[in-house]
Amino acid sequence: MNEPLVVWGEDGFASSSGWATVYATHPATGELLSQQQAWVSVGTGLPAGAYLDEPDQTAPGKAIVRSQTGWESVDDYRGQTAYDQHTRQSVVIKELGELPRALTLTPPSSPFDVWDADLLRWVKDQEQEDAVQTQQAQQQRQALMSEASQEIAVLTDALDPDVISEPSADDQVKLIAWKAYRVALSKVDQQAGYPHTITWPPRPGDPATE
């Protein structure tokens, strides 16, 4: 048995009850949700958010939305991660429409990248990177030199004839090694790759130095 189809009157309401093929949209965004069959009772119109005219097929990365003028194809970046061009912070896109101008889908490649509005891409702030890595290298060197100075002070006391009647020859070897280590630490900033690549001198007593 064939199901009856709705018959529309000139006033836009059903002149007889029946089924209609409609295109349902999201009540808030107007996005096309589905094609479905709706029962329209005589004297009534289409359900809210439902339309009779069929939208065109949309391309990948697009969504179909109902506007006041009809169906429109709009950008759909939902679920994608974008990056703030000023803060480099990531955000997941949750709304339909064009990508905000302050965002880009291209991730920065380092913590020192800045957005170049003319080139429309990330570029590295080399001065900032150099400054941060130099500070980190200086802090590490200072920590290592403090350790070396402490070891040297203890060994110097151990070799002081006024303190130790018979200084140890082994302590003398250790003292020289720690002094040489401290000198090597003081010269790491003279390496060609400093501060990006640093070959730290081996610590006296480590297996690699035995």
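Right, let's walk through the structure included here. The structure displayed is predicted, hence computed values, not measured ones.

1. Examining the packing of aromatic side chains
Geometry of an aromatic ring pair is reported as the spacing of the ring centres plus the angle between the planes.
Part 1: Counting across every chain of the model gives 4 aromatic pairs.
Part 2: Between W115 and W122, the ring centres sit 5.2 Å apart and the planes meet at 80°, which makes this aromatic pair edge-to-face.
Part 3: The buried category is assigned to W115, whose relative accessible area is 18%.
Part 4: Here the aromatic rings of W178 and Y181 are separated by 5.5 Å at their centres, their planes lie at 85°, and the arrangement is edge-to-face.

2. Looking at the packing of helix α1 (residues 126-158) against helix α2 (residues 169-186)
Part 1: Contact pair α1 / α2: the axes reach a minimum separation of 9 Å and the direction vectors enclose 155°. In terms of axis orientation, α1 runs roughly antiparallel to α2. In this structure, the crossing between α1 and α2 has a hand that is left-handed. Here α1 contributes R141, L144, M145, E147, A148, S149, E151, I152, L155, T156 and A158 to the contact with α2, which in turn contributes D171, K174, L175, W178, K179, Y181, R182, L185 and S186.
Part 2: A per-class count over the contact of α1 with α2 returns 10 nonpolar, 3 polar and 7 charged.

3. Regarding the sheet that holds strand β9 (residues 90-92)
Within a sheet, adjacent strands bond to each other through the backbone by hydrogen bonds, running parallel or antiparallel.
Part 1: Read across the open sheet, the 3 strands follow the order β9-β8-β10; overall the sheet is antiparallel. The sheet terminates laterally at β9 and β10 (103-104), the two strands that pair on one side only.
Part 2: Note: strand β8 (residues 81-84) against β10, 2 bridges, orientation antiparallel. Residue pairing in the sheet places Y83 in a bridge with T104 of β10.

Rules behind the numbers
Residues numbered from 1 in each chain as written. Predicted model: local features only at pLDDT ≥ 70, side-chain atom pairs only at ≥ 80, totals over all residues. Heavy atoms only, no water. Phe/Tyr/Trp six-rings, centres within 6.5 Å; stacked < 30°, edge-to-face > 60°. Buried < 20%, exposed > 50% of the residue type's maximum accessible area, 1.4 Å probe, protein only. Axes fitted to C-alpha atoms, helices over the stretch in contact; angles between N-to-C directions. Helix = DSSP H or I, 4+ residues; strand = E, 2+ residues; numbered from the N terminus. Parallel < 35°, antiparallel > 145°, perpendicular 65-115°, else oblique. Left-handed = near helix turned anticlockwise from the far one by under 90°. Contact = heavy atoms within 4.5 Å. Nonpolar A, V, L, I, M, F, W, Y, C, P; charged D, E, K, R; others polar. Pairing = 2+ DSSP bridges.

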